[in-house]
Amino acid sequence: MKKDVTRDRQKAALIGEAEESAAALLREAAEWQADHPEATLEELELEVLQLRQRFGEQLLNTLVRHREAQQSVPGPRCPECGAEMHYKGEKHRTLPTTLGDLDLERGYYYCSACRQGVFPPGSDAGGDSGTV
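Let me begin by describing the structure that accompanies this report. All figures in this text were calculated on a predicted structure; none of them were measured in a lab. (Residues numbered from 1 in each chain as written. Predicted model: local features only at pLDDT ≥ 70, side-chain atom pairs only at ≥ 80, totals over all residues. Heavy atoms only, no water.)

1. Examining the pattern of salt bridges
Operational definition: Basic side-chain nitrogens of Lys or Arg form a salt bridge, by our definition, when they fall within 4 Å of a carboxyl oxygen of Asp or Glu. What counts as a helix is a DSSP run of H or I of at least four residues, what counts as a strand is a run of E of at least two, and both are numbered from the N terminus.
Enumeration according to the criterion identifies 2 salt bridges in this entry. Among the salt bridges present, the one from Arg-65 reaches Glu-17, with a minimum N-O distance of 2.0 Å. Separated by 48 residues along the polypeptide, Arg-65 in helix α2 (residues 41-70) and Glu-17 in helix α1 (residues 2-35) bring together distant segments of the chain.

2. Section: the sheet that holds strand β3 (residues 116-118)
Formally: DSSP bridges decide pairing: two strands pair if at least two such bridges lie between them. Fitting a line to C-alpha atoms yields each axis, with helices limited to the stretch in contact; the angle taken between N-to-C directions then spans 0 to 180 degrees.
Strand order in the open sheet made by the 3 strands is β1-β2-β3, with antiparallel pairing throughout. Taken across any chain shown, the strands that pair with only one partner, and hence form the sheet edges, are β1 (86-97) and β3. Ignoring which end each strand starts from, the neighbouring axes of this sheet average 35° apart. As paired elements, β1 and strand β2 (residues 100-111) share 10 bridges and run antiparallel to each other. Within the sheet, the bridge partner assigned to Thr-94 lies in β2 and is Asp-103.

3. A short note on unusual backbone geometry
In the Ramachandran plot, Arg-115 falls in the positive-phi region, its phi being about 60° despite a non-glycine side chain. Relative to the helices and strands, Arg-115 is located in the loop between β2 and β3.

4. Side note on the environment of Arg-65
So the rule is basically this: Buried means the residue's accessible area, taken with a 1.4 Å probe over protein chains only, is under 20% of the maximum for its type, while exposed means over 50%, and partly exposed covers the values in between.
Residue classification places Arg-65 among the partly exposed positions, given a relative accessible area of 43%. Put simply, Arg-65 and Glu-105 are 40 residues apart on the chain and 8.6 Å apart in space, counted from C-alpha to C-alpha.

5. What about the side chain of Asn-61?
The test is simple: Any pair of nitrogen or oxygen atoms within 3.5 Å is treated as a polar contact; in protein, a donor-acceptor pairing is required on top of that, and neighbouring residues in sequence qualify only through side-chain atoms on both sides. Note on definitions: a residue-residue contact is assigned when non-hydrogen atoms from the two residues lie within 4.5 Å.
Among the structural elements, Asn-61 can be located in helix α2. Since its relative accessible area comes to 18%, Asn-61 is described here as buried. A distance of 3.3 Å separates a polar atom in the side chain of Asn-61 from the backbone nitrogen of Asp-103. Apart from residues lying up to four places away in sequence, Asn-61 is in contact with Asp-101, Leu-102 and Asp-103.

6. Focus: the nonpolar core
We apply this condition: Buried Ala, Val, Leu, Ile, Met, Phe, Trp, Tyr and Cys residues form a nonpolar core when they are joined through side-chain atoms within 4.5 Å.
With 5 residues, the main nonpolar core is built from Cys-78, Met-85, Tyr-109, Cys-111 and Val-118. Setting aside residues up to four positions removed in sequence, Cys-111 forms contacts with Cys-78, Cys-81, Met-85 and Gln-116.

7. What to know about α1
Note the following rule: Expected span of a helix, by definition, is 1.5 Å for each gap between consecutive residues, and there is one gap fewer than residues.
The end-to-end C-alpha distance of α1 is 50 Å, a good match for the 50 Å that 34 residues give at a rise of 1.5 Å each. For α1, the set of buried residues is Leu-14, Ala-18, Ser-21, Leu-25 and Trp-32.

This is the structure we're talking about:
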């Protein structure tokens, strides 16, 4: 039962954050509409496509951030030697996606024996995997 309550709270937080992003973009669209009363259909379409692109980027970042908050990764094992890797702090990565760049802040782990690093969860040695 406790797991369901926690899950409901996580979903509500995610929805609230996405709704805030959507509301801000809707306000921006309304402002643009007021500033461009003579806009052509093509100009309206371009503005909507740009807003849709930004919302997609924001939603993707929100979903990834919430997923990472739920997945703790205690001392992953080195994919080469199997030794426990050491936490080296938070690192920033930007991954290109079809919706735009995805900015990630995640824990970085390093194996001093093999000199390999990973950005878990879902990454391979070196952190080059497209899995988030």
